[in-house]
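Fold and contact review
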Amino acid sequence: MSKQSENFKKLVKGNPIGSITTAINMLQSSVKNELMKEFGVSTVEELAFKLK
């Protein structure tokens, strides 16, 4: 688990789904892919719900 993905999870926790989705779309693709693998999801929307 990279430091970037750990920090991102802490940063978005408790925020509205729309804000989390926007933030995910601004991530580097490597960090986004790492988070999607970790949570076992295939879409940004699913990842946003997992991170809430």
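Just above, that's the structure.
Quick look at the structure, then. None of the values given here were measured: they were computed from a predicted structure.

**Some points on the overall build of the protein**
Regarding its fold elements, the protein presents 4 helices and 0 strands. What you see in the protein, going N to C, is helices and strands ordered as α-α-α-α. A globule of 52 residues ought to have a C-alpha radius of gyration of about 10 Å, and the protein, at 9 Å, matches this closely. With the C-alpha coordinates aligned to their principal axes, the bounding extent of the protein is approximately 25 × 20 × 15 Å. Across the 52 residues in the protein, those meeting the buried criterion constitute 35%. Sequence-distant contacts in the protein: of pairs separated by 6 or more residues, those separated by 24 or more amount to 54%. When the accessible surface of the protein is totalled, it reaches about 3400 Å², and 55% of it is carbon and sulfur.

**Overview of the side chain of Lys-32**
On the secondary structure map, Lys-32 appears in helix 3 (residues 29-39). Buried and unpaired, Lys-32 has Glu-45 as its nearest opposite-charge partner, separated by 9.7 Å. Once residues within four sequence positions are removed from consideration, Lys-32 is found in contact with Ile-24, Asn-25, Leu-27, Val-44 and Leu-47.

**Concerning the nonpolar core**
Formed by 14 residues in total, the largest nonpolar core has its most connected members in Phe-8, Val-12, Ile-20, Ile-24, Leu-35, Leu-47 and Leu-51. Sort the elements by how many residues they give to this core and helix 4 (residues 44-51) lands first, with 4 residues. Leaving out residues up to four positions away in the same chain, Leu-51 has contacts with Phe-8, Lys-9, Val-12, Lys-13, Ile-20, Ile-24 and Phe-39.

**Section: the pattern of salt bridges**
The tally for this structure, following the rule as stated, stands at 2 salt bridges. Between Lys-9 and Glu-6 there is a salt bridge, and its shortest N-O distance comes to 3.5 Å. Highlighted residues: Lys-9 and Glu-6, both in helix 1 (residues 3-12), separated by 3 residues, approximately one helical turn. We classify Glu-6 as partly exposed; its relative accessible area is 30%. Here Lys-9 makes a salt bridge to Glu-38, at a shortest N to O gap of 2.8 Å.

About the cut-offs
- Residues numbered from 1 in each chain as written.
- Predicted model: local features only at pLDDT ≥ 70, side-chain atom pairs only at ≥ 80, totals over all residues.
- Heavy atoms only, no water.
- Helix = DSSP H or I, 4+ residues; strand = E, 2+ residues; numbered from the N terminus.
- Rg over C-alpha atoms; globule rule 2.2 N^0.38 Å.
- Buried < 20%, exposed > 50% of the residue type's maximum accessible area, 1.4 Å probe, protein only.
- Contact = heavy atoms within 4.5 Å.
- Areas by Shrake-Rupley, 256 points an atom, 1.4 Å probe, with all protein chains shown as cover.
- Lys, Arg positive; Asp, Glu negative; His and termini not counted.
- Salt bridge = Lys/Arg side-chain N within 4 Å of Asp/Glu carboxyl O.
- Core = buried A, V, L, I, M, F, W, Y, C linked by side-chain atoms within 4.5 Å.

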